[in-house]
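Here's the letter readout for the chains.
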Amino acid sequence: MSTILITGATSGLGRYVAFELVRSGHRVLAHGRDAGRTERLVEELRAEGEAEGFVADLASLGQVRQLASHVAGACPELDVLINNAGLGFGSPDAGRELSADGHELRLAVDYLAPVALTRALLPVLRANAPARIVNVGSAGQEPLDFDDPELTRGYSGVSAYRRAKFALAAHTFTLAEELAGTGVSVNVLHPATFMDTTMVREGGITPWNTVADGAPGVLALATRDLGTGRYFDGTRPARAHEGTYDPEVRGRLAAVTDQLLAL
């Protein structure tokens, strides 16, 4: 059985997946932003199996790196990372927001945080190969404007979210190539469209699916060998936005990502 870190585990899809995993006999490392909610979740999970809690605000890259350090120290046998936490479109009237580091908030939480967390945990994952990285993306993807990656002009929460998810998919494919032969797989998926979550309702959208509809794809990628460098729509292999496969786009994204993480 695996030791699995899942970010954004205190609500929505993350919470559902955490219970499914712990009931299957896996050890779940549940990340949350709020200490009280994380503690309560871990108590509930422990009634079903093995669980630990970790608290960090993913809008702070410093806290993301601290999270990785705490997980690596406490659970050196970690072999699965599920980057699930994220921000949606925001409320329809919301303006552009910034992270603790001054980055556009959706880019920070939905893209930079999973990239930074993954990088920091790679030594542990590689040591425990075969290991898996699952990036929870979205079918809603929109190419980044490399002249304005932080969306300072013509901001829209929908665009900010979709650009972050485009970047996450492209990054997944690049990372899969880098990790070829190491025994660490990395895949990205669209779990289900407009699940019944706080994120979706906050955007003023009537949910189309339940979190239970979105869970099978995440669970499959976390617990089964389904290859690497792939994009899934639920449990079905699919194609991400064509731009995410473009070597030039991926090269520019890697350079911009390194700049933003170094700021």
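This write-up is about the structure you can find in this document. (Residues numbered from 1 in each chain as written. Predicted model: local features only at pLDDT ≥ 70, side-chain atom pairs only at ≥ 80, totals over all residues. Heavy atoms only, no water.)

## Quick look at the nonpolar core
For step 1, the next point in the chain: Counting residues in each nonpolar core, the largest one holds 44 residues, and the members touching the most others are Leu5, Val71, Leu78, Tyr111, Leu117, Leu121 and Ile133.
For step 2, the next point in the chain: Elements supplying a minimum of two residues to this core: α3 (61–74), α4 (105–127), β5 (131–136), α5 (157–178), β6 (184–190) and α8 (247–262).
For step 3, the next point in the chain: Within the second largest apolar cluster, 29 residues are counted, among which are Phe19, Val22, Ala220 and Ala222. (Core = buried A, V, L, I, M, F, W, Y, C linked by side-chain atoms within 4.5 Å. Buried < 20%, exposed > 50% of the residue type's maximum accessible area, 1.4 Å probe, protein only. Helix = DSSP H or I, 4+ residues; strand = E, 2+ residues; numbered from the N terminus.)

## Considerations on the pairing of strand β2 (residues 27–32)
For step 1, the next point in the chain: A large share of β2 lies buried, amounting to 6 of its 6 residues.
For step 2, the next point in the chain: Here strand β1 (residues 3–6) pairs with β2 via 4 bridges, running parallel. Across the sheet, the residue bridging to threonine 3 is arginine 27, located in β2.
For step 3, the next point in the chain: Chirality of the crossover, the property in question, places the unit of β1, helix α1 (residues 12–23) and β2 among those that are right-handed.
For step 4, the next point in the chain: Sheet analysis places β2 next to strand β3 (residues 51–55), joined by 5 bridges and oriented parallel. Paired with glycine 32 across the strands is valine 55, a residue of β3.
For step 5, the next point in the chain: With helix α2 (residues 35–46) bridging β2 and the parallel β3, this β-α-β connection has right-handed handedness. (Pairing = 2+ DSSP bridges. Right-handed = clockwise from strand over helix to strand, strands pointing away.)

## Some words on the sheet that holds β5
For step 1, the next point in the chain: Taken in spatial order, the 8 strands make up an open sheet running β3-β2-β1-β4-β5-β6-β7-β8, and their pairing is mixed. Bordering the open sheet on either side are β3 and β8 (236–238), each of which pairs with just one other strand. Here the strands of the sheet are splayed against their neighbours by 25° on average, with no regard to which way each runs.
For step 2, the next point in the chain: The strands that α1 touches are β1, β2, β4 (80–83) and β5; relative to β1, the one it contacts most, it runs at about 170°.
For step 3, the next point in the chain: Relative to the sheet, helix α7 (residues 211–223) contacts β4, β5, β6 and β7 (231–233), its axis offset from that of β5 by approximately 160°. (Axes fitted to C-alpha atoms, helices over the stretch in contact; angles between N-to-C directions. Contact = heavy atoms within 4.5 Å.)

Limitation: the analysis is restricted to geometry and does not speak to function.
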